[in-house]
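# Examination of the molecular architecture
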Amino acid sequence: MKYIRLTKEQLEELHPEFSRFLASQQIDRNEWDTIKKEKPEVAEQELDVFSDLIWEAVLDKAQWLEHYSPNHIFLFKMGKESMESIIIHAHTPNADLTTEHGLVWLNENIFSDDVKVTRGKKDFGEDRNGEIFSLMQQGATLTDGVLYAQFEDMF
């Protein structure tokens, strides 16, 4: 397994897709119930393969990520060959950028000496999706890129 297994809730949301996945392997509902009961290790393998397929599809489409910590906001723009980043660092312990109050503070102080904004670019290695997944494992979430665009225009 390359990524992680989807949660029970995610699998429930993707039930139609999972049914099509099983059908593509000529496994109907009755056979799936038998596999789960008599060969749970095979059922686990099928869930792992399906999870990896879903993760690959999501990561292939990933364009924007955001990660918030008390003193940093990391904004990522994903290309096919590289990613660009905008990193916002608050140099004060009073600002917690994970809260609404902290974001209001950032908005009011974005051009002050208490805030440093840097930009960067990094080429992907051989496994673009693996690198994006690693960022997500560290807490980054997929977004629509609106915040990145706002800061890109400012800096």
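One structure accompanies this document, and this report is about it. Remember, predicted model here, so these are calculated numbers, not experimental data.

Another point: the overall build of the chain. Of the regular secondary structure elements, the chain holds seven helices and five strands. Listed N to C, the secondary structure of the chain is α-α-α-α-β-β-β-α-β-α-β-α in terms of helices and strands. Relative to the 2.2 N^0.38 estimate, which gives 15 Å for 155 residues, the radius of gyration of the chain is 21 Å and therefore markedly larger than a compact globule would have. When each of the 155 residues of the chain is scored for burial, the buried share is 36%.

With that settled, the discussion passes to the environment of Leu53. Tracing the backbone through its elements, the reader meets Leu53 in helix 4 (residues 40–61). Residues Leu53 and Tyr3, spaced 50 residues apart in sequence, show a C-alpha to C-alpha distance of 9.5 Å.

Mapping Thr92 onto the fold places it in the loop between strand 3 (82–90) and helix 5 (100–109). Here Thr92 falls in the buried class, since its relative accessible area comes to 12%. Not counting chain neighbours up to four residues away, the residues in contact with Thr92 comprise Asn71 and Trp105.

Strands sit in the order 4-3-2-1-5 across an open sheet of five strands; the sheet is antiparallel. The open sheet has two edge strands, strand 4 (115–123) and strand 5 (141–142), and neither has a second partner. With nine bridges joining them, strand 3 and strand 4 adopt antiparallel strand pairing. What sits directly across from Ser85, in strand 4, is Gly120. Each of strand 1 (64–69), strand 2 (72–78), strand 3, strand 4 and strand 5 is contacted by helix 6 (residues 128–137), which is oriented at about 160 degrees to strand 2, the strand it contacts most.

Right, let's get into the environment of Val42. If you trace the backbone, Val42 turns up in helix 4. Using a relative accessible area of 25% as the deciding quantity, one classes Val42 as partly exposed. Once the C-alpha coordinates of Val42 and Met1 are considered, the two residues, 41 residues apart in sequence, prove to be 13 Å apart.

Our next topic: unusual backbone geometry. We note that Gln26 has phi near 60 degrees; this positive angle belongs to a residue other than glycine. Note that Gln26 resides in the loop between helix 2 (15–24) and helix 3 (29–38). Residue class for Gln26 comes out exposed when judged on its relative accessible area of 71%.

What follows concerns the pattern of salt bridges. Scanning the model with the defined rule gives 10 salt bridges in all. Between Lys2 and Asp127 there is a salt bridge whose closest N-O contact spans 3.1 Å. Of the two residues, Lys2 sits in the segment before helix 1 (8–13) while Asp127 sits in the loop between strand 4 and helix 6, which places them 125 residues apart along the sequence. Residue class for Asp127 comes out partly exposed when judged on its relative accessible area of 32%. Here the residues in one salt-bridge network are Lys77, Glu84, Arg119 and Glu152, joined through shared partners.

Thresholds, definitions, all that
- Residues numbered from 1 in each chain as written.
- Predicted model: local features only at pLDDT ≥ 70, side-chain atom pairs only at ≥ 80, totals over all residues.
- Heavy atoms only, no water.
- Helix = DSSP H or I, 4+ residues; strand = E, 2+ residues; numbered from the N terminus.
- Rg over C-alpha atoms; globule rule 2.2 N^0.38 Å.
- Buried < 20%, exposed > 50% of the residue type's maximum accessible area, 1.4 Å probe, protein only.
- Contact = heavy atoms within 4.5 Å.
- Pairing = 2+ DSSP bridges.
- Axes fitted to C-alpha atoms, helices over the stretch in contact; angles between N-to-C directions.
- Salt bridge = Lys/Arg side-chain N within 4 Å of Asp/Glu carboxyl O.

Remember, this is a structural readout, not a statement about activity or role.
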